[in-house]
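Close look at the chain arrangement
Below, each chain spelled out in residue letters.
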Amino acid sequence: MTFANVGTLGTVPGKRDELVAHLTRRSDQLTEIGCLAYEVGINDEEPNTVFVVELWESDAAHQASLAVPAVQESIVAARPLLSGDFGGFSFDVAGSPLRD
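Report on the accompanying structure. (Residues numbered from 1 in each chain as written. Predicted model: local features only at pLDDT ≥ 70, side-chain atom pairs only at ≥ 80, totals over all residues. Heavy atoms only, no water.)

Considering the packing of aromatic side chains
Here a ring pair, both rings aromatic, is described through the centre-centre distance and the interplanar angle of the planes. For the coordinates displayed, the defined rule picks out one aromatic pair. Here the aromatic rings of Phe 89 and Phe 91 are separated by 6.2 Å at their centres, their planes lie at 20°, and the arrangement is stacked. When its relative accessible area of 38% is taken as the criterion, Phe 91 is described as partly exposed. (Phe/Tyr/Trp six-rings, centres within 6.5 Å; stacked < 30°, edge-to-face > 60°. Buried < 20%, exposed > 50% of the residue type's maximum accessible area, 1.4 Å probe, protein only.)

Encoded structure:
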C-alpha cells in the first residue's frame, strides 16, 4: 500500500533556499529504493519553512530508506540548515481519483 509522509522543516533564518537546493538535487537512487514522489515546496508567508510531500511504495520502504548511506549523508549535510522545528503527519493512501 502506498505510504505518504508529509512534513514541514524549519530552517535557520536565511537558509531556506539553501535547504531547498539540497533537497531537490537529482537522486535516481530514491526511485530505486521505493520512493514514488518527493516534492519540496515553499510558502513566502513562512520564509523559514520548507514543505515536503513524499510518496513511498510502503512504510517499510520509507523506513528502510533511512538506513541507506546516501540518505544518511544527505540528512547529515542538511542538519546545519535546520532550526529543529518540525511538523507533519503520515498515512497509508486509501485511493485517488487520478488512477484506478
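Additional details are given in the paragraphs that follow.
Things to note about the nonpolar core
Membership of the largest hydrophobic core is limited to seven residues, which are Leu 19, Val 20, Leu 23, Val 50, Val 52, Ala 78 and Leu 81. Every element with two or more residues in this core is listed here: helix 1 (16-23) and strand 3 (49-56). Residues contacting Leu 19, with those up to four places away along its chain left out, are Leu 9, Thr 11, Val 50, Ala 78, Leu 81 and Leu 82. (Core = buried A, V, L, I, M, F, W, Y, C linked by side-chain atoms within 4.5 Å. Helix = DSSP H or I, 4+ residues; strand = E, 2+ residues; numbered from the N terminus. Contact = heavy atoms within 4.5 Å.)

Here we look at the pattern of salt bridges
Two side chains with opposite charge may pair up if their charged atoms get near one another. On inspection of all chains with the given rule, the structure shows four salt bridges. In this structure, the salt-bridge partner of Glu 18 is Lys 15, at a minimum N-O distance of 3.3 Å. The class of Lys 15 is partly exposed, set by a relative accessible area of 32%. One salt bridge connects Arg 16 with Asp 17, and the closest N-O pair in it is separated by 3.4 Å. Residue Asp 17 is classed as exposed on the basis of its relative accessible area, which comes to 53%. Several salt bridges share partner residues, and in doing so they unite Arg 16, Asp 17 and Asp 44 into one network. (Salt bridge = Lys/Arg side-chain N within 4 Å of Asp/Glu carboxyl O.)

No statement about biological role is implied by the geometric values presented.
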